[in-house]
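So you can see what is in the structure, the chains are spelled out below.
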Amino acid sequence: MYIPKQFEEPRVEVMHELVRAYPLATLVIHSSSGLNANHIPLHLSQSPAPYGTLQGHIARANPLFGEITGGIEALAIFHGPDSYITPSWYATKKETGKVVPTWNYASVHAYGVLRVVDNASWLRAQLDALTSHNEAFFPEPWAVSDAPADHIEKIMAAIVGVEMVITKMLGKWKVSQNQPTQNQVGVISGLKASDLPTSEAMAALVETGAKNAR
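Residues numbered from 1 in each chain as written. Predicted model: local features only at pLDDT ≥ 70, side-chain atom pairs only at ≥ 80, totals over all residues. Heavy atoms only, no water.

Going by the annotation in an unreviewed UniProt entry, the name recorded for the protein is Protease synthase and sporulation protein PAI 2, with Candidatus Accumulibacter vicinus given as the source organism.

When you tally the buried positions in strand 4 (residues 53-59), you get 5 out of 7 residues, the bulk of the element. In terms of strand pairing, strand 3 (residues 43-45) meets strand 4 through 3 bridges, oriented antiparallel. Directly across from serine 45, in strand 4, lies its bridge partner threonine 53. In the sheet, strand 4 pairs with strand 7 (residues 159-174) via 7 bridges, with the strands oriented antiparallel. Each bridged residue has a counterpart across the sheet, and for leucine 54 the counterpart in strand 7 is methionine 164. (Buried < 20%, exposed > 50% of the residue type's maximum accessible area, 1.4 Å probe, protein only. Helix = DSSP H or I, 4+ residues; strand = E, 2+ residues; numbered from the N terminus. Pairing = 2+ DSSP bridges.)

Right, let's get into the pattern of salt bridges. Following the criterion strictly, the structure yields 5 salt bridges and no others. Among the ionic pairs, glutamate 13 bridges to arginine 11, the shortest N-O distance being 2.9 Å. The salt bridge partner of lysine 192 is glutamate 207, with a shortest N-O separation of 3.5 Å. Of this pair, lysine 192 sits in helix 6 (residues 181-193) while glutamate 207 sits in helix 7 (residues 199-213), placing them 15 residues apart in sequence. A relative accessible area of 41% places lysine 192 in the partly exposed class. Look at glutamate 207 and you get partly exposed, because its relative accessible area is 27%. (Salt bridge = Lys/Arg side-chain N within 4 Å of Asp/Glu carboxyl O.)

Let us look at the confidence of the model for the protein. Here the protein shows a mean pLDDT of 92. Residues at 70 or above account for 93%. Within the protein, strand 4 carries the highest mean pLDDT (98), whereas helix 7 carries the lowest (82). (pLDDT = per-residue confidence, 0-100.)

Read across the open sheet, the 7 strands follow the order 2-1-5-6-7-4-3; overall the sheet is antiparallel. The open sheet has two edge strands, strand 2 (34-41) and strand 3, and neither has a second partner. Averaged over all neighbouring strand pairs, the angle between strand axes comes to 35°, with direction disregarded. Sheet strands touched by helix 4 (residues 120-135): strand 2, strand 3, strand 4, strand 6 (102-117) and strand 7. Its angle to strand 4, the strand with the most contacts, is close to 105°. (Axes fitted to C-alpha atoms, helices over the stretch in contact; angles between N-to-C directions. Contact = heavy atoms within 4.5 Å.)

Right, here's the structure in full:
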């Protein structure tokens, strides 16, 4: 994976890669009662260029359904790996002591108009695509067709599709690119030796960024 320099806008394909790897989005709208956030897995479709389309589904009982019936501006936030970075991992700590803690992360913000898609054929295709993408990592992938047809029909009756053509996409990778090589090496080593959540994934991002910077 290409790692952009700190504060540099990542390429669209890099942001797409993160969205596919971490599809659970924090979907934010400004509803009639104020800001509203939902956590929904969204499947990325390549078209239309350049950013593509996000597709998913929600329960008909979800208050979000009524808020977006006519379409509404929305922000979908995708969170990649993140990790606390202790200055104890920096080689320059011993040299100057001029170090402080920080937090590394990778994220993507996708903007567009969120709309309802109340169509059974579209919804079934969306369920198949979302399931196939996430089941691909398992040795024995489950498919929607594995469940009894009447059970799937009952489930589908209780949900509705949602879709957002992405009009703007912003991403930021803060993965120690601003640190000298010796500090990056210390961060990679420290993360790999730690039990912090997502430490291995973040170590890989820092390692890739360090290689690209050389």
